[in-house]
Amino acid sequence: MPSTKFAVPESYRYQNGFNSYHETEAVEGALPVGTNSPQQPPYGLYAEKLSGTAFTAPRAENLQSWLYRILPASAHTNFEPREHATFNTNPENKPHEKIHQIPNQLRWDPFDLDESVDWVHSLHLLAGAGNPTMKSGIGIYIYAAGKDMNEREAFYSADGDFLIVPQHGVLDVQTELGKLLVRPNEICVIPRGVRYRVTLPQGPVRGYILELYQGHFQLPELGPIGSNGLANARDFQAPVAHFDEDTASEWTLLSKFAGHLFAAKQTHTPFDIVAWHGTYYPYKYDLGRFNTIGSVSFDHPDPSIYTVLTAQSDHPGTAVADFVIFPPRWLVAEDTFRPPWYHRNTMSEFMGLVTGQYDAKIGGGFQPAGASLHNVMAAHGPDAATHAAASAAALKPQKVGEGSLAFMFESCLMVGVTEWGLSKCRKVQADYNAESWEPLKPRFKRPTPAAVRVDEGSK
Ligand SMILES: [Fe+2]
């Protein structure tokens, strides 16, 4: 710390800042000065606008970028449906793709690697809520791929922003706006509509995705924490402009649209943006740079203190999606049960583990590449082994989470589980409760009769 020592070195340059107005040009003079759409943009480029919010969204929320490219994004054939046996991202409530709303606590064994598919065909909708056609809700995906996308293929989702959490392997993401290298312990966000191609320079990859059908991720408010802390704006990295020249080859453009896959052809590369400026762009963030804050007296704060990014509902303070991490940190609280308390929440909690062991679950059932879902009002907390250990532990300063990264997608929505998530993936642990909480023993000892008194109210 304060930044991750990655095994795979960085390949690209970036510009830093969250929610910043960026501008970048791969050829000097490609950005028009003082105007967005001149009659003749520099060097014969086409000007194109990419909007991530309504034009009239309030300034603080408004996300728009101007792109200067060799050919406009619209120059392609009609899209045709291209469903695929392994493409399973349809969130609609079809009889054969039913979303199961169940109150059980769920936990999954590690999801399998699959070297037979590329990024697009590796996306498996595991759970979700809402519907992209209403721009409402979220989708939670597991990806596991072993092949590069075809050399002349690009993909975009019209349904929402992808927040990608790599668990295994390295993603080399060429986007229209530039290139990103994304490694485990980093995350990236690819906004709705941005076209990209994923290659796998280190072989097979696996990880988690939260797709946000509504709004965009923001940094959480800091309140009394002050002006710095948690994820700092300067540590978010956006790509610099990078373009290819290819107006002779046939390209395939894949679109995820309302959960279905469509394909169109075009005779030029989509990666032809020579310069861009604006506020709507992909970005990545090294989770090792997260400035973790916690208790230095007693008790521990709600886990919202570990929020990296949040997407607010229409009710401020209530998130459609929070991305929360449990990073390495010191526990120093006195007279405190240090793991999370037992709880039932109105929010739903989906957890994943990138590496190591999560300090609230030492029983061994929550493994890297696995997951758990504690839905609305699903009771949970430390497993019996963790409770026993933490109740008797000497409360010396203790570093937890070293070499570990657990995370949570938390949502105010009730999260349903797909047929794939509940049965086809064959990873659901039938004995989750039996292993975690059913072994808990009563610890209550009624006081001796002399000590019993009638309730006199609180003192
Ligand atoms: Fe929880």
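Residues numbered from 1 in each chain as written. Predicted model: local features only at pLDDT ≥ 70, side-chain atom pairs only at ≥ 80, totals over all residues.

- The protein appears in an unreviewed UniProt entry as homogentisate 1,2-dioxygenase from Aplosporella prunicola CBS 121167.
- Its UniProt record, at the heading Sequence similarities (unreviewed entry), says of the protein: "Belongs to the homogentisate dioxygenase family." (UniProt positions renumbered as here; feature names shortened; annotations may be inferred.)

### A word on the sheet that holds strand E19 (residues 273-278)
- With antiparallel pairing, the four strands of this open sheet are ordered in space as E2-E19-E4-E3. The two strands at the open ends of the sheet, each matched to only one other strand, are strand E2 (22-25) and strand E3 (46-51). Going across the sheet, the axis of each strand differs from the next one's by a mean of 20°, ignoring polarity.
- Sheet topology places strand E4 (residues 64-69) next to E19; five bridges connect them, and they run antiparallel. By the bridge assignment for E19, leucine 67 is matched with tryptophan 276. (Pairing = 2+ DSSP bridges. Helix = DSSP H or I, 4+ residues; strand = E, 2+ residues; numbered from the N terminus. Axes fitted to C-alpha atoms, helices over the stretch in contact; angles between N-to-C directions.)

### A few points about the UniProt feature "binding site: homogentisate" (unreviewed entry) in the protein
- With numbering aligned to this structure, UniProt lists the feature "binding site: homogentisate" (unreviewed entry) at Tyr358 and His380.
- Its place among the elements puts tyrosine 358 in the loop between strand E24 (348-355) and strand E25 (371-374).
- The buried category is assigned to tyrosine 358, around which 23 C-beta atoms lie within 10 Å.
- Not counting the four nearest positions on each side in its chain, tyrosine 358 is found in contact with Phe326, Leu353, Phe366, Ser404 and Ala406.
- Here histidine 380 shows up in the loop between E25 and helix H1 (384-392).
- In this structure histidine 380 touches Gln105, His343 and His374, once residues within four positions along its chain are discounted. (Buried ≥ 20, exposed ≤ 12 C-beta atoms within 10 Å, placed from the backbone. Contact = placed C-beta atoms within 7 Å.)

### A short note on the sheet that holds strand E1 (residues 14-16)
- Within the open sheet, the nine strands sit side by side as E1-E16-E20-E13-E10-E15-E8-E7-E28. Their pairing is antiparallel. Whereas interior strands pair on both sides, the edge strands pair on one side only; in this sheet they are E1 and strand E28 (416-417).
- Bridge count for strand E10 (residues 161-168) against strand E15 (residues 205-212) is seven bridges, and the pairing is antiparallel. Bridged to proline 166 within E15 is glycine 207.

### Focus on the domain arrangement of the protein
- Taken domain by domain, the protein holds domain 1 (14-98 + 112-287) and domain 2 (290-437).
- With centres defined by C-alpha atoms, the gap from domain 1 to domain 2 works out at 28 Å.
- Listed by partner, the interface residues are 36 residues for domain 1 and 34 residues for domain 2.
- Every element with two or more residues in the side of domain 1 that touches domain 2 is listed here: strand E7 (123-131), strand E8 (136-145), E10 and E15.
- If one sorts the elements of the side of domain 1 that touches domain 2 by residue count, E7 sits on top with seven residues. (Domains from an automatic or database assignment.)

### Points about the environment of glutamate 245
- Looking at the secondary structure, you find glutamate 245 in the loop between strand E16 (236-239) and strand E17 (251-257).
- Here glutamate 245 falls in the exposed class, since 11 other C-beta atoms lie within 10 Å of it.
- Along the backbone, glutamate 245 and histidine 268 are 23 residues apart, and their C-alpha atoms lie at a distance of 8.3 Å.

### Concerning the pairing of strand E12 (residues 178-182)
- With five of its five residues buried, E12 lies for the most part within the structure.
- Burial along E12 is two-sided: Gly178, Leu180 and Val182 and Lys179 and Leu181, pointing in opposite directions, are all buried.
- Pairing of strand E11 (residues 171-175) with E12, which is carried by five bridges, proceeds in the antiparallel orientation. Within the sheet, the bridge partner assigned to glutamine 174 lies in E12 and is lysine 179.

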